[in-house]
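Per-entry structural report
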Amino acid sequence: MDYNILIGGAAGQGVETLSSVFEKVLQRNGFKVFSIRDYMSRVRGGHNFVQIRFGDQELFSHADELDGIIALNEETVDLHIGRLKADGFVICDKQVAHADDRVMALPLMEVARRVGNARVSGSAALGAALALLGISATEVEAVYSKIFRPDIARQNAEAVLEGSKLVQPRYNLSLPGDNLSLPKNSLSLPKEGENILINGNQAIALGALAAGCKFYSAYPMTPSTSIMNYLASKMMDAEIVVEQAEDEIAAINMAIGASYAGARAMTGTSGGGFSLMVEGLGLAGMLEVPLVIAEVQRPGPVTGFPTRTEQGDLKFVISASQGEFPRMVIAPRNAEDAFYQTVRAFNLADKYQIPVILLSDQFLADSTVTIKPFDFDGIRHERYITHTVEDKPYKRYKITPTGVSPRVIPGKIPGVTVLVDSDEHDEYGHITESADVRQQMVDKRLRKLEYLKQELQEPWFLGDDDFDVLILAWGSTWGPLAEAVSMLNSGQRTRYAALVFGDVWPLPTKVLVEKAKKAKKIINVEQNATGQLASLVAEVAGIFCDFSVLKYDGRPMSPRYIFEKVREKE
Amino acid sequence: MSNTNYVILETAWCPGCGNFNILEALKNALEILGKKPHEVLIVGGIGQAAKTPQYINTNGFCGLHGRALPAAVGAKMVNKDLTVIVHTGDGDSYGEGGNHFIHNIRRNVDITHFVHDNQIYGLTKGQASPTTDLGHVTEVQVAGNINPPLNPVLLAIALGAGFVARAFSGDKEHLTSIMVEAIKHKGYSLVDILQPCVSFNKVNTFQWYSKRVYKLDESYDPTDKLKAMEKAMEWGDRIPIGIIYREEKPTYCDKIEFLREGPALIDRPVDIQKIKGYLNDFI
Ligand SMILES: Cc1ncc(C[n+]2csc(CCOP(=O)(O)OP(=O)(O)O)c2C)c(N)n1
Ligand code: SF4
Ligand SMILES: [Mg+2]
């Protein structure tokens, strides 16, 4: 079972609220959900939509074909009816005139007026859709009461009920064995077998909290802002400083100051803000201060497409800032990966005293998905902080075989002071002009990169071992690609497999080299215009791709898109 | 008074530079306040002034040009037990870091900011800074500086800073006493320290300052904001030094309950079961 419903309207019409209520109702009825958000960089007007795909099996991606459209305005019908299946439906208000006989023009505004709130017509549409699909609406009120005042929640729930009376059931989609939706109070945790509904940015934020992050400074920038929003909502309870900085330069320097002083610290931004942070990135590298940075990509250069998706910053992020110093870049592949990789990023940043960048994108950031709850019990905080020192005075930059020096937190050991300097420095942190010391220090810092390589996680493998064509991808492309590989392998002679990189810098090459040897053809699938992963793979491993499937129109690739483009190359 | 706790290391400053006295005064102030080296964090940006953390045995953070303030407030927010002092140049804090200067006055984190104001870019060999006087000729401002100088003291008062002072490196004792008051002040405190640069500022010399500065006496009331702004505008033949404006106001940490109460943030354990409870937001 696999259905795909689009909810669309102008900015300000409540598309987002309606969609998240619909998603929650689906989740609480035991469905698996995957939704994408397509919104414009404006507060009023324009066209926004959310595509909610749901079913009884785990979902990793969105789909193009629609089973239903909930249209809050006429434009939504015009723009999307071309993707509606022959037996699909459109729910809209009576005032929307459309000749297509799949369009169900209902008295939604009338319902809203009867309920006494003109803004609840969307809920009437939701009620109609749930009734049509045969999905229980019992959870609706509970969901509304989590986001609205009691009286408004009531009105919306009433509108759902009234809306449901406007149609006859056409599908019967209730799942066997439900309802998982037992009453939930404000403290309850997910029940056995129950899923959480979360997006990529929330997963990063929750991962940061789980990792013990105590300091987050950032400057608002779409699509990274919701990381800050979620952390801010927990600021008082989790006792984490969330500070809106005056600019991204301040944001990263504040976080470095907080980390130097001993807190786990993080900043987050998109490519434009990251451009401003670049000198600060080098500072973390030079001072050897642990730091986690979330870079949530959107199409550039500069302002680009503020609310859309791209994987255009890979080569920038792995080499940003002058000079040579170790860093790690991890591209989370889905929301679950985003959570665990964030925890790992903090541990690796502390262990190697380096900046670690989480390279996400708008598609992952804003897509909500049902997944099993994160395992908090397995989380370890590995701080690598020293409480005694052998050398007097203390050598913050002691030369060691791994390149990692014992780290003391300033103020924590009486008589011991901690000196760090962005100038080239000796083992004590004092400025030096010595050629020998310079060389030793560069070697020391770069040695950390060699040791870091032992920690690398090989890319995820999709498909079977007896493949002909190997697809290479990274980050959030994993979702659509996972489905595309199954589609490609169903009933065709050519067999496909894929490697999807999470750790992208340093780039792990062991499995890559093994698989590439067996491949008759290699194709890179990336959400950018120049094939940045392919070029990195060529540089690091000497492996060249035969074809590229690239998309750079700001809209995420669907499984079908990949399927068709790869087929063309056969 | 002995300075044994705060050993001087060999500096890269020119003989006769005003920075030496500022460093001496800082060490004396810390002695007077009974601060131990490990309890103090000195943060610098980049420049001659900003090298101060290198020359004193406390915790030291020499970051980026212009970016000392953000790093300093980040450190203080998570460890309120540290005494955090920023040393920067006029270019460092009013030019490259001007945005952070403005917004950290608004934040009012409990840190102290000593600006070594030599009215010139020292480290890069003598270009105009934001406080360079009109007409000052440099290798870049070849026809003389045409942009009027910024008045940091006036600006800080206008932005709502709770402690604003001007001092002169040539009067070490007075400077020390102002530094002590500034460090004791709860919240952001600024001391703009007039500092001759013997190598690159041949206009605002030791004699130039000595002839002009005068100390504010008891008759001056630093709590009257409008009078203070007037005083801050005095520049030219007579330049007032001393505490120009002071006002008690809640600090950043005072305004956030969990920072105000209890131990420093870095000394608190993470309650992972509490964080796990946030899963409730997603069901
Ligand atoms: C991003 C950046 N830009 C420029 C410089 C070069 N630079 C170093 S110090 C300095 C100005 C120093 O003037 P000031 O801050 O007044 O300090 P002073 O040396 O006079 O004490 C400049 C422009 C730098 N280090 N970093
Ligand atoms: S250049 Fe000027 S500020 Fe720098 S040490 Fe020499 S005299 Fe002092
Ligand atoms: Mg200067």
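Thresholds, definitions, all that
Residues numbered from 1 in each chain as written. Chains lettered and ligands numbered in written order. Predicted model: local features only at pLDDT ≥ 70, side-chain atom pairs only at ≥ 80, totals over all residues. Heavy atoms only, no water. Domains from an automatic or database assignment. Contact = heavy atoms within 4.5 Å. Buried area = accessible area lost by both parts, 1.4 Å probe. Polar contact = N/O pair within 3.5 Å; in protein donor to acceptor, adjacent residues only side chain to side chain. Helix = DSSP H or I, 4+ residues; strand = E, 2+ residues; numbered from the N terminus. Nonpolar A, V, L, I, M, F, W, Y, C, P; charged D, E, K, R; others polar. Near = heavy atom within 4 Å. Salt bridge = Lys/Arg side-chain N within 4 Å of Asp/Glu carboxyl O. Buried < 20%, exposed > 50% of the residue type's maximum accessible area, 1.4 Å probe, protein only. Lys, Arg positive; Asp, Glu negative; His and termini not counted. Areas by Shrake-Rupley, 256 points an atom, 1.4 Å probe, with all protein chains shown as cover. pLDDT = per-residue confidence, 0-100.

Details of the domain arrangement of chain A
All names here are of chain A. One can read the domain layout of chain A as domain 1 (2–180), domain 2 (202–371), domain 3 (385–455) and domain 4 (460–568). Each partner contributes residues to the interface: domain 2 has 22 residues there, and domain 3 has 23 residues. Regarding the contact of domain 2 and domain 3, the summed buried area is about 2000 Å², with carbon and sulfur atoms giving 58% of it. Area buried by domain 2 at its contact with domain 3 is led by Y260, M286 and Y352, which between them contribute 34% of it. At the junction of domain 2 and domain 3, the tally comes to 15 residue pairs in polar contact (both at pLDDT 80 or more). Looking at the side of domain 2 that touches domain 3, the element that brings in the most residues is helix 13 (residues 335–352), giving five residues. When the residues that make up the side of domain 2 that touches domain 3 are grouped by side-chain class, the tally is twelve nonpolar, four polar and six charged.

Here's the deal with the site of ligand 2
Every residue near ligand 2 is listed here: B:W13, B:C14, B:C17, B:N19, B:Q48, B:N118, B:Q195, B:C197, B:V198, B:S199 and B:F200. Partitioning the shell around ligand 2 into residue classes produces six nonpolar, five polar and no charged.

A closer look at the interface of chain A and chain B
Across the boundary between the two partners, chain A contributes 76 residues, which contact 52 residues of chain B. Here chain A meets chain B over a buried area of about 5200 Å², counting both sides, of which 63% is carbon and sulfur. The largest contributions to the chain A side of the interface with chain B come from A:E246, A:F376 and A:T417, which together make up 12% of the buried area. Linking chain A with chain B are seven salt bridges, by the criterion used here. In this structure, the salt-bridge partner of B:K274 is A:D237, at a minimum N-O distance of 3.8 Å. Inspection of the region where chain A meets chain B yields 33 residue pairs in polar contact (both at pLDDT 80 or more). Contributing elements (two or more residues each) for the side of chain A that touches chain B: helix 1 (15–28), strand 7 (196–199), helix 7 (200–210), helix 9 (235–238), strand 9 (241–244), helix 10 (248–260), helix 11 (271–287) and strand 15 (419–421) of chain A. Ranked by residue count, the leading element in the side of chain A that touches chain B is helix 10 of chain A, at eight residues.

Considerations on the side chain of A:R298
Residue and element names in this part refer to chain A. Within the fold, R298 resides in the loop between strand 11 (291–297) and helix 12 (314–319). Buried charge without a partner: R298 forms no salt bridge, and the closest opposite charge is D313, 8.3 Å away. At 3.1 Å, the side chain of R298 forms a polar contact with the backbone oxygen of T303. When neighbours within four sequence positions are excluded, R298 is seen to be in contact with M221, T222, P223, S270, T303, F305, P306, R308 and E310.

Some words on the site of ligand 1
For ligand 1, the set of nearby residues contains 17 residues, the closest of which are B:Q48, B:D90, B:G91, B:D92 and B:G122. Looking at the residues close to ligand 1, they fall on chains A and B. Within the contact set of ligand 1, an oxygen atom lies 2.8 Å away from a backbone nitrogen or oxygen of B:Q48. In the model, an oxygen atom of ligand 1 is placed 3.1 Å from a nitrogen or oxygen of the B:I120 main chain. Burial of ligand 1 by the protein amounts to 78% of the accessible area it has alone, namely 580 Å². The element best represented in the shell around ligand 1 is helix 3 (residues 90–96) of chain B, accounting for four residues. The residue inventory of the shell around ligand 1, partitioned by class, reads five nonpolar, eight polar and four charged.

Details of the environment of A:E288
All names here are of chain A. Tracing the chain through its elements places E288 in the loop between helix 11 and strand 11. Using a relative accessible area of 0% as the deciding quantity, one classes E288 as buried. Between the C-alpha atom of E288 and that of S275, which follows or precedes it by 13 residues, the distance is 20 Å. Excluding residues that lie within four positions of it along the chain, E288 makes contacts with L283, Q353, R396, Y397, G403, K444, R445 and K448.

As for the confidence of the model for chain B
Looking at chain B, pLDDT values average 96 and 97% of them are 70 or higher. The complex model carries a pTM of 0.97, and its ipTM stands at 0.97.

Structural notes on unusual backbone geometry
Residue and element names in this part refer to chain A. Note that the residue after G300, namely P301, is joined by a cis bond; omega there is -5°. Mapped onto the elements, P301 comes out in the loop between strand 11 and helix 12. Look at the link from W505 to P506: it is a cis peptide, with omega at -5°. Note that P506 resides in the loop between strand 19 (503–505) and helix 17 (510–518). We note that E288 has phi near 60°; this positive angle belongs to a residue other than glycine. You will see that Q353, though not glycine, has its phi angle at about 55°, which is positive. The residue Q353 is located in the loop between helix 13 and strand 13 (355–361) in this model.

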